[in-house]
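This is what each chain is made of:
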Amino acid sequence: MSGEYKPRIIAFLCRWCGYAGADMAGTSRLKYPPSIIPIRVPCTGRIDMEQVLKALKRSDGVLIAGCHTPGDCHYVRGNFQCFKRVTLLKKFLRQMGINPARVRLEWISATEGRKFARVVREFTKELEELGPLRGVE
Amino acid sequence: MKIKLAVGYGSICGGCDVAFIDLGEKLIDLTELVDIVFWPALVDTKEEDLRKLKEIDVGMFFGAIRTDKHKATLELLREKARLLVAFGTCACYGGVLGLANAARSMDLLKTGYVITKSTENPKQILPGLEKLEGIPISIPKIRSLVSPISDFVDVDIWVPGCPPPVDSIIKLLDVLKDYQRGHLPPKGLFIAEDRSLCEFCDREKPEVLQIEKFRRVHEGKIDEKECLLKQGILCLGPVTRGGCGARCIKANMPCRGCFGPVPNVEDQGTKFITAVAAALKAGEEREVGEEELKKLIEEIHDPLGLFYMFSLAASIINRKYLDLGGDEDE
Amino acid sequence: MSHSNASDRGYEKERIGVFVCHCGRNIAATVDVKEVVKRISKHPAVVHAEDYEYMCSRPGQELIEKAIEEKRLTGVVVAACSPSIHETTFREVVERAGLNPYKCEMANIREQCSWVHEEVDKATEKAVRLIRGVIEKVIRNEELEPIEVGLHKKALVIGGGIAGIRAALDIANAGFQVILVEKKPTIGGHMAQLAETFPTLDCAQCILTPLMSEVANHPNIRLLTLSEVVDVEGYVGNFHVRIKKNPRYVDPDKCNLCDNCTEVCPVVVPSEFDEGLSLRKAIYIPFPQAVPSSYVIDPDACLGMNPIICGKCAEPDVCGPGAINFYDQPEIIEEDVGVIIVATGYELYNPENLSEYGADKYPDIITSLQFERLLSPNGPTGGIPKRPSDEKIPKKIAFIHCAGSRDEKHIPYCSNICCTYCSKHGLLFKELVPDAEVYSFYIDIRAVGKNYEDFVKRAQEEAGIQFIRGKVSRIYEEDGKVKIFAVDTLLNRRIEMDVDMAVLALPIVPANGIADLASKMRIQIDNYGFLQELHPKLHPVESATPGIFLAGAAQSPKDIQDTVAQASAAASKALEILTQEKISHTPTVAVIDRDICSGCRLCISVCPYGAIELVDGRAEVNEIICEGCGACVSTCPSGAIRLRNFTDEQLDSMIEAVAGGT
């Protein structure tokens, strides 16, 4: 891939865990690439897969960070809703020729600042290798 | 004064033409209402004749846009007609044909004209050429994507259905009769219900809709009274507009979504993913656990073919991507 | 759904003020705040943009207030630290200036931008996009007011053990009415069966019965024994409960505890209070200090009341006060309460499941609760443990720790109290029978409470109890001897031992029927059947349902100290609600459009709070119960549900904006 391409990640972070974990990465002054731009959501269970696809079309990868299963979700089981949906969505993505790795679901708790930074770095690198998302024109 | 009607074809199967026959005796109403200036299956006029007209009242477009010729016909129709009707699911949403977008059009042509065992085409000639051994011919060029007509023109009236049921056609005739009397229909009128098929389905709805496990239609007896989704059968009723009379449900078969998505939903297939995955083991996810849930979800083998059967061309991801590397002949 | 486009949104009507904070050098060192202000000023919805060193300081706040007044702002975006720090602060600022607090949002350009990136141009660009995203949200935010509803200032406590008693007394003493519901004929729970409690070895009844008496006499407590909750409807502040009160057949106001009835009753059945080690009559009092202070007839044991088969107890020369009423009927009592505390306690794991330990088959292999009864002065053997088979005092006794607990095949968790009470049993037994040989078979010693380690040491050193580290594989009784097969893992040898009595520390499991009760109240139970707390650290006594609290062993195995502490904590949480005049609830809840809803019911199954119900075939959200998670919003296949201030339109436009639109 040419040096021009810098992957862009749109992230949906749940306000209780994922977003707080990202805040913790900041409080700890960890560094990660500016490839990622976050959107705070009340719960990963709020996310409609339509929104994931819209975000994917406008970027190179989508990161979703929620509370750990089985029991951490602030709203009891929204994280499971997201998990089931993303699992099924990935099947569809593969059928349409999109690498399902471009939608990444992670469980990141409010204390896991390190994990958040690591995931962003890893995901950015992975997307660098995958290249930009190209469709048939 | 009879209404001037023209019917243009995109990529059709003929079903929409045949649907008019279901009118039975009411076909006579149609002949008294309209003056058919162009309808290849019915009358012998040519596109030139349509082009010569300054204006017509109603243009109906059947089929999706697959070739550049289809697009040209559509644009001609839109130019001449005061009211443009997207007739049939293909015109409205791309229809079943939209599934072709899951492949590259070049790969489709290769499969059709080169690769299959029974085909003899040593020079690997594909349609769309402009010269065949020196003889100029123009065969319509396949576009890279199948599209619903709304991608190119404004639509005045939508009549979904594969094909639209006779009740829809009768309603359309009533709209045309009103038009004849000087009443324009509201812009973007849908001849279908706004609520989903669930509203019109007579089956017993459970207090709470939770799915234990998915199953396919052939895997065992289907209870005729109970909600199909509750039985684990993937019925697209909840995301599909009503108005078809729920005939499939009455025949003990699940809805396939041919009336397209309800008004507030943009992407029928993806919305169904979001809804049906949530219903699986709803309330019991913590006890069941991720591993088991993953297994159960993955028992849905073909979300593309089933959830997007009629609407892929109108969906958010409406084309094949070349992201998986290697040769994709899927 | 319409696509939100800059041109068709009509930004002209918006008057947004953007305030970019330097946060000293925290933001300004990496984000070019002046450049951010310059770029964001070009946004069509923005009429005011400025930067300042510390937006959260008084002068910073004044800048916002001033701009709201002077520029007639319709919304405010503060680009600074994380909203988790100052969202409330800035919302109060705008409210002071006369703007609805929900028209203020924050863009996090510190924790998630300046602090984690190094390249100034990239960080600045990201800051601008973040602000653009938040602008899209704030312009579509509705001006909301908190939802308020009245409440019933009454509490329901389910369970009359020590947890329920403590919670009920705390709430009643605070001046509120309490209904205490207990399944058995008396309150007191398992604590009433205990001899002495560790580590102080207080007599259990001595510390319990005064509390039971307080409950009986408390003007604010309505005690319903022989009662069960059959239905709970409603939501916090407004629960409607139906309680089934089973008949006692004896009038507590007339019964004078003379005991004449038991002498004439011909029926004899095992006593539950004595864990089957003694017998009682069909008419009985569970124990002398029972509350209510009255006898009761067991309808399953009695020969017949309707028609009367025997009737001897009711004869006038037997029951002087005429307290017996064979025609007593069950009653349904309906009450409206504001809060509910669930304190249904525990049971011991059924020994039939552990047939290798033989407690279900052999008379001298008994459970820990049975041993408590043997130790109790008011127990079947007057306080000196004797073998059930021949009533001899055992000289050699073994206590089996972890008899089923920490076992994959039975109960995987630790039951918390067994190590301490086994040590207690050993200690107390040695005091009564100083020449006895006492063994304790253990795997690990868990003595975590205050002074518990000392207590166990005392059992080992002072009382001379022999602790053997090893799992017991089999126990049975033959020819009057209890045979134990075990392993001593410290000495690495097998053990085959004959003792006179073996006492099993069986696992603590949730009380029977808890799953049903939990599902009626829509509270969660965990994998093991215990009531699930909302969060182990942040909300240890709350259930997922607002207004319903948990206390005691119903939530997890624990000792009396922790139970009482938890009961008081639950009472305090309950009082937090009861002392309000109105219940206030965040208004960012889900709203269903009845005109779109097709009655598919998918939302109802997804809602974790049971906040949605069908009204005339269409789904409707109860605003007070809804917590605003949005699971129903995404699930609704008709797109009929909207989450206030987090709509699909907002999310779509935020995605567009951060991706680089506008």
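As shown above, the structure is provided for reference.
Residues numbered from 1 in each chain as written. Chains lettered and ligands numbered in written order. Predicted model: local features only at pLDDT ≥ 70, side-chain atom pairs only at ≥ 80, totals over all residues. Heavy atoms only, no water.

**Section: the interface of chain B and chain A**
Step number 1: Taken together, the contacts link 43 residues of chain B with 38 residues of chain A.
Step number 2: In this assembly, chain B packs against chain A so that about 3900 Å² is buried in total across both faces, 63% of it on carbon and sulfur atoms.
Step number 3: Seen at the junction of chain B and chain A, the total is 5 salt bridges.
Step number 4: The partner of K54 of chain A in a salt bridge is E266 of chain B, with the nearest N and O atoms 2.8 Å apart.
Step number 5: Counting across the chain B and chain A interface gives 25 residue pairs in polar contact (both at pLDDT 80 or more).
Step number 6: Those elements that place two or more of their residues in the side of chain B that touches chain A are helix 9 (268–279), helix 10 (285–288), helix 11 (290–297) and helix 12 (303–307) of chain B.
Step number 7: No other element matches the 8 residues that helix 9 of chain B contributes to the side of chain B that touches chain A.
Step number 8: Taken together, the residues of the side of chain B that touches chain A break down into 22 nonpolar, 8 polar and 13 charged. (Contact = heavy atoms within 4.5 Å. Buried area = accessible area lost by both parts, 1.4 Å probe. Salt bridge = Lys/Arg side-chain N within 4 Å of Asp/Glu carboxyl O. Polar contact = N/O pair within 3.5 Å; in protein donor to acceptor, adjacent residues only side chain to side chain. Helix = DSSP H or I, 4+ residues; strand = E, 2+ residues; numbered from the N terminus. Nonpolar A, V, L, I, M, F, W, Y, C, P; charged D, E, K, R; others polar.)

**Structural notes on the sheet that holds strand 2 (residues 36–41) of chain A**
Residue and element names in this part refer to chain A.
Step number 1: Sheet architecture is open: 4 strands sit in the order 2-1-3-4, paired in parallel fashion. Edge positions in the sheet fall to strand 2 and strand 4 (103–107), since each of these pairs with one other strand and no more. Between one strand axis and the next, the sheet turns through 20 degrees on average, direction left out of account.
Step number 2: Where strand 1 (residues 9–14) lies against strand 3 (residues 61–66), 5 bridges are found, and the strand directions are parallel. Bridge pairing in strand 3 links I9 to G61.
Step number 3: In the packing of helix 4 (residues 113–130) onto the sheet, contacts are made with strand 1, strand 2, strand 3 and strand 4, and the angle to strand 4 comes to roughly 165 degrees. (Pairing = 2+ DSSP bridges. Axes fitted to C-alpha atoms, helices over the stretch in contact; angles between N-to-C directions.)

**Here we look at a negative patch on the surface**
Step number 1: A cluster of acidic residues, E92, E95, E143 and E145 of chain C, forms a negative patch at the surface.
Step number 2: One can find E145 of chain C in the loop between helix 6 (120–140) and strand 5 (147–149). (Patch = residues over 30% accessible without salt bridge, like charges linked within 9 Å, V, L, I, M, F, W, Y side chains within 5 Å. Areas by Shrake-Rupley, 256 points an atom, 1.4 Å probe, with all protein chains shown as cover. Lys, Arg positive; Asp, Glu negative; His and termini not counted. Charge placed at Lys NZ, Arg CZ, Asp CG, Glu CD.)

**Points about the pattern of salt bridges**
Two side chains carrying opposite charge are able to pair once their charged atoms lie near each other.
Step number 1: Scanning the entire structure with this criterion turns up 72 salt bridges over all chains.
Step number 2: When the shortest N-O distance is used, the salt bridge between E372 of chain C and K424 of chain C registers 2.6 Å. Of this pair, E372 of chain C sits in helix 10 (residues 368–375) while K424 of chain C sits in helix 11 (residues 418–432); the two residues are 52 residues apart in sequence, bridging distant segments of the chain.
Step number 3: Counted as one network, the salt bridges with shared partners bring together R40 of chain A together with E87, R91, E105 and K137 of chain C.

**As for the state of the cysteines**
Disulfides are covalent bonds that connect the sulfur atoms of two cysteines.
Step number 1: Scanning the model with the defined rule gives 2 disulfides over all chains in all.
Step number 2: At a sulfur-sulfur separation of 2.3 Å, the disulfide partner of C17 of chain A is C67 of chain A. Its torsion about the S-S bond being 100 degrees, the disulfide of C17 of chain A and C67 of chain A is classed as right-handed. Here C67 of chain A lies in the loop between strand 3 and helix 3 (78–95) and C17 of chain A lies in the loop between strand 1 and helix 1 (18–27), a separation of 50 residues in the sequence.
Step number 3: C67 of chain A sits in the buried class, given a relative accessible area of 3%.
Step number 4: In this model C203 of chain C forms its disulfide with C206 of chain C; the gap between the sulfur atoms is 2.4 Å. One disulfide, between C203 of chain C and C206 of chain C, carries an S-S torsion of 85 degrees and so falls in the right-handed class.
Step number 5: There is no disulfide at C227 of chain B, and the cysteine sulfur nearest it, in C198 of chain B, is 6.7 Å away. (Disulfide = S-S within 2.5 Å. Buried < 20%, exposed > 50% of the residue type's maximum accessible area, 1.4 Å probe, protein only.)

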